[in-house]
Structure formats: structure tokens, C-alpha cells
Amino acid sequence: MEQDFIDNQLSVNLDSTDAFEGPEKLLELWFAPNEFTLPFSIWNNKSLFDIPYIEIENLLNNVNCQILSHKRNNFIHAYLLSESSLFIFKHKLILKTCGTTTTLLSLEKLLNILKTFINNKLTELPIFTVFYSHRSFMFPEKQLLMHQSWDDELNHLNKFFKIENSKDFIFGNDIKNKWHFYVNKGNDKIFPQVNSTNDITIEILMTGLKNVNIFYRNEKGIDGHINGLKMMEISKFNKILPLDNMIHDAFAFMPCGYSSNSIKDDIYTTIHITPESEFSYASFETNYPINDEETLNNIINNVIDALKPEQYTVTVCYEGIKREYLSNKLNNHNQTDIDVSHGYRVLCAEFL
């Protein structure tokens, strides 16, 4: 499918010279286990795809970021942002933003949007499951509003979701690389007999990058998407997953930095790179279904070989019973693998 939208003026003029905070805030909101189980009583035969484009822009304005471009298929609308990415499915939303973005300010705005375009009787977000996570910030004192501390973030989340249904954790032994994780479950009465969705999210969070020269550019006035796709091919980011015919969207920032989204059916990957040597950082994320140790090993190796980080953390948030091949692959690397409630486990392994 062809590109749906590019903000050409923003793409040409965007300058990342003063960018500093690579680690992203990741907010994932599930409104149903899948698109077919959105409760009719709430959604009135509608879905997140019925939110107008201008309201997506307004939502992101609250977060302090803008849309560079977007691509879509029948399952996912993938937005490449001035600060990372947004993925919208019919039944869930994944917002990942870096820098000093105010990610959690999206919650109140999203509720108002749903009241306007889905159901005007809503008094709270009709959540099935919500996740929020991020690595330790490099410059926490420069964050805005509730994002200056984990406790402040939790207090803000508690304004929207019942505290008695929530769990939060901090993983990791290295204070600079700790990973913060929050999960909350919505009203189970809306979904009385829900089978496992076999959901899985894999993240690789990297610092001390050694292979970043290709993520610098000098050509002013040239669309960053052209250079972004070149960087994707050189780094072989388009070959990380064992999938053909993925739809790719990539952007090279001026003077340096890289972001990309790739989608096929209901699978996505996203990569973001801040290459400056003083605070280099990169992240990789996908929901590709991992069913064996070899596949997980190949994905991790493809990412690590491309960027050669000095330190990295692999996190896997997955639904269902313990999957031994995940633990086997990441064994003996400051690994934690625990039940975080609501049918999910989290595996976190530090490579320091």
C-alpha cells in the first residue's frame, strides 16, 4: 500500500540538534482482546478506526509531538512521529514517545475523543488491559509534569484506572538501566469468557552504540523519508523479522537520528535511534509471535549486530504460561522472569 500521508514541510525542516532523551515512554491501551470482542454496548459497532484523523493530531498535540507520516493496512494504522511512534488497531492503541513528551496526558484527551465519537455516556476509559513502561531516563530532571518521577506517573495513572487492579514493578540491577513497568486490568464483567490472546511484546533497549555513523546526514532540504529508507536498507533493519512484503516507513533526522515503523497484517516493528556519543540510545520493539528459541535468538542477534551496543536490556511481556525457551535464551544475564498478574509474565534480562 502506498504512503497515506507525509508532512513534507515538517519532514524537511525538522531539526534534532537539541534532542537529548532517547528512552521512550510506552503506553499500551487494550479495549478488547481483539477487534471482534469490542463490547457493542460501549462501542456501538465502531472502533478506534472511527476516530477522525484531526483528532489523532489533537491527541498528539497534548503529548507534544507531531505526525511525520503514516502507513496502514487492514489491521494497523502506523504513525511515524516527530518523537517515535503511534500504532492504532481497531481494539488497541500503542503510543511510544521519547524526549520530554507528556505521554500520560493522552489519557484524558482520549477519553474525551471516545465520548465524542464513540459513546457520549462514557465516564471512564473502557479498558480491557493497560500497560505503561519505560527505561530509566537519562535526564529525569528535564522531564515535564508527572514524568519527573515513577511515583508521580503512578499517581496520574491511578486517576484513570482502579488502583486495586494495578501492579507495578522496577526491574534491573543497574540504576542507570532500570526498567519500570505498570499493568492494570479493566472490568472483567465486560469480557466474561475471554480466552488467551497469546499476546507478546519484545523490546531491546540499547546504550553505548558503536555502529551509528550511518544515522547522520548532512543534506539540508531533502526529505528525511528518502534518507530514512536508505538507512533502513544499509542497516538491514528491513530484514530483522522473517517476513516478506512488510510495509516500511522510515525517517532520518537532521543532523542525526533515525525512526522507522514496519507492518504486515497485525504485526509491527518499530526502531528509534539517538546516535550522539554522549547519550547514544536505541530501541527495538515488536509483537512478532515468538514460538521457539531460534526465532528469538535471530531477532535479538539481528538487532544487536546492526547497532553493536555496549549495554542492552531485553524485555519480553507475554501472556500465558512460562515459556522455557525465552528463559533459556536469556539465562545468566541478570535475568528476572515473573508473573505480573492478569495472565501476563515479564522477562527482563540485562546484558551489561
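Residues numbered from 1 in each chain as written. Predicted model: local features only at pLDDT ≥ 70, side-chain atom pairs only at ≥ 80, totals over all residues. Heavy atoms only, no water.

Participant: Quick rundown of the overall build of the protein? Include the residues and the values.
Facilitator: Per the secondary structure count, the protein includes eight helices and 17 strands. Projected onto its principal axes, the C-alpha positions of the protein cover 55 × 50 × 45 Å. For the protein, the residues scored as buried account for 58% of the 352 residues in total. For the protein, the distance from the average position of its 31 positive side-chain charges to the average position of its 45 negative side-chain charges is 2 Å. (Helix = DSSP H or I, 4+ residues; strand = E, 2+ residues; numbered from the N terminus. Buried < 20%, exposed > 50% of the residue type's maximum accessible area, 1.4 Å probe, protein only. Lys, Arg positive; Asp, Glu negative; His and termini not counted. Charge placed at Lys NZ, Arg CZ, Asp CG, Glu CD.)

Participant: Mind laying out the side chain of Ser 280, listing which residues take part and the relevant values?
Facilitator: Among the structural elements, Ser 280 can be located in the loop between strand S13 (267-274) and strand S14 (281-286). At 3.3 Å, the side chain of Ser 280 forms a polar contact with the backbone nitrogen of Gly 208. Engagement of the side chain of Ser 280 in a polar contact is seen with the backbone nitrogen of Leu 209, the distance being 3.0 Å. Those residues in contact with Ser 280 that sit more than four places away from it in its chain are Met 138, Met 206, Thr 207, Gly 208, Leu 209, Thr 274 and Pro 275. (Polar contact = N/O pair within 3.5 Å; in protein donor to acceptor, adjacent residues only side chain to side chain. Contact = heavy atoms within 4.5 Å.)

Participant: An account of the pattern of salt bridges is requested, with residue identities and associated values reported.
Facilitator: The tally for this structure, following the rule as stated, stands at five salt bridges. We note a salt bridge from Glu 35 to Lys 90, for which the minimum N-O separation is 3.5 Å. Placement of Glu 35 in the loop between strand S2 (25-30) and helix H2 (40-43) and of Lys 90 in the loop between strand S5 (84-88) and strand S6 (92-97) is noted, with a sequence separation of 55 residues between them. Under the relative-accessibility criterion, Glu 35 is labelled partly exposed at 24%. Owing to a relative accessible area of 28%, Lys 90 belongs among the partly exposed residues under this scheme. Notably, a salt bridge pairs Asp 337 with Arg 345, separated by 3.4 Å at the nearest N-O pair. Given the relative accessible area of 14%, Asp 337 is considered buried. (Salt bridge = Lys/Arg side-chain N within 4 Å of Asp/Glu carboxyl O.)

Participant: Before we move on, could you go through helix H3 (residues 53-63) and cite the residues and values that matter?
Facilitator: Of the residues making up H3, those classed as buried are Glu 55, Ile 56, Leu 59, Leu 60 and Val 63. The arc that holds the buried residues of H3, viewed along the axis, is 140°, so those residues lie on one side. In the core, the buried residues of H3 are packed alongside strand S3 (67-72), strand S4 (77-81), S5, S6 and helix H4 (106-117). Looking one or two residues past H3, Asn 64 carries a phi angle of roughly 75°, positive in sign. (Arc of directions from axis to C-beta.)

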